[in-house]
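# Fold and contact review
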Amino acid sequence: SSGINAEYGGARHLGASIGSEAFSKRYVDEQVAVWTAMMENLADIAESHPHLAFSNFITSLKFKWSYIQHTVPDCEDSFVALERAIRERLIPNLLGRHCSDDERKVL
């Protein structure tokens, strides 16, 4: 077995999708929904343990979607809900306030 799970219209390989545009969009949307839920949970943790939440965010979670963004073309629109969860829930719970656009570029 090659380790590649083939589905109609495409396959998942090494955390990215290979195949039709529709398959890739569906795959990215599914992943983003999972990551958005994870950000919501991490935002709750950040209220009482901000260092732990920030550490988890920068060393693990953001690399998952960064990889997808670099390997699946034209998927930016799928990340709107994730960005909203980071900007409106996680970062305010980490900092105790909302952040500016410049601060968001860093965080």
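Per-chain numbering applies: the sequence of each chain, read as written, is numbered from 1 onward. With pLDDT at 70 or above as the cut-off, local features in this predicted model cover only qualifying residues; side-chain atom pairs require 80 or more to be listed or tallied, and sums for whole chains, interfaces and linings still use all residues. Hydrogens and waters are ignored; side-chain quantities use all the structure's heavy atoms.

What follows covers the overall build of the protein. Segments assigned H or I by DSSP are reported as helices when at least four residues long, segments assigned E as strands when at least two residues long, and all are numbered from the N terminus. A tally of helices and strands in the protein yields 4 helices and 3 strands. Relative to its full complement of 107 residues, the protein shows a buried share of 31%. Expressed as a percentage of contacts within the protein between residues at least 6 apart in sequence, the contacts between residues at least 24 apart total 46%. Accessibility throughout is a Shrake-Rupley quantity obtained with a 1.4 Å probe, and a residue counts as covered only by protein chains that appear here. As presented, the protein carries roughly 6800 Å² of accessible surface, and 55% of it is formed by carbon and sulfur atoms. Partly exposed residues are those whose accessible area sits between 20% and 50% of the maximum for their type, while under 20% is buried and over 50% is exposed, using a 1.4 Å probe and protein chains only. Note on contacts: a residue pair is in contact if any heavy atoms of the two residues lie within 4.5 Å.

Contact geometry of helix H1 (residues 21-48) with helix H3 (residues 80-95) gives a least axis separation of 8 Å together with a crossing angle of 10 degrees. Accordingly, the angle class assigned to the pair H1 and H3 is roughly parallel. Across the interface between the two elements, Val32, Trp35, Thr36, Met39, Glu40, Leu42, Ala43, Asp44, Ala46 and Glu47 of H1 pack against Ala81, Leu82, Ala85, Ile86, Arg89, Leu90, Asn93 and Leu94 of H3. Across the contact of H1 with H3, the residue classes tally to 12 nonpolar, 2 polar and 4 charged. Axes, fitted as lines to C-alpha atoms, cover a helix only where it is in contact. Angles between the N-to-C directions of the axes lie from 0 to 180 degrees. Here the word oblique covers every angle except those under 35 degrees (roughly parallel), over 145 (roughly antiparallel) and from 65 to 115 (roughly perpendicular). The nonpolar class holds Ala, Val, Leu, Ile, Met, Phe, Trp, Tyr, Cys and Pro. Asp, Glu, Lys and Arg form the charged class, and all remaining residues, Gly among them, are polar.

Basic side-chain nitrogens of Lys or Arg form a salt bridge, by our definition, when they fall within 4 Å of a carboxyl oxygen of Asp or Glu. The full count for this structure, using the stated rule, is 8 salt bridges. A salt bridge links Arg89 to Glu40; its shortest N-O distance comes to 2.6 Å. Taken together, the positions of Arg89 in helix H3 and Glu40 in helix H1 put the pair 49 residues apart, joining distant regions of the chain. Among the residues examined, Arg89 registers a relative accessible area of 26% and is labelled partly exposed. Here Glu83 ties to Arg104 by a salt bridge, and the two come within 2.7 Å at their closest N and O atoms.

Right, let's get into the confidence of the model for the protein. Confidence of the predictor in every single residue is expressed as pLDDT, which spans 0 to 100. For the protein, per-residue confidence averages 83 on the pLDDT scale, and residues scoring 70 or more make up 82% of the total. Ranking the helices and strands of the protein by mean pLDDT puts H3 first, with 93, and strand E1 (residues 5-7) last, with 50.

On the surface, a cluster of negative charge is contributed by Glu21, Asp74, Glu76 and Asp77. Mapped onto the fold, Asp74 is located in the loop between helix H2 (50-71) and H3. On the basis of relative accessibility, which here comes to 72%, the residue Asp74 falls in the exposed class. In this analysis, a patch consists of residues with relative accessible area above 30% that form no salt bridge, clustered at 9 Å for like charges and at 5 Å for the nonpolar side chains Val, Leu, Ile, Met, Phe, Trp and Tyr. Counted charges follow a simple rule, with Lys and Arg positive, Asp and Glu negative, and His plus the chain ends left uncounted. Throughout, a charge is located at the NZ atom of Lys, the CZ atom of Arg, the CG atom of Asp or the CD atom of Glu.

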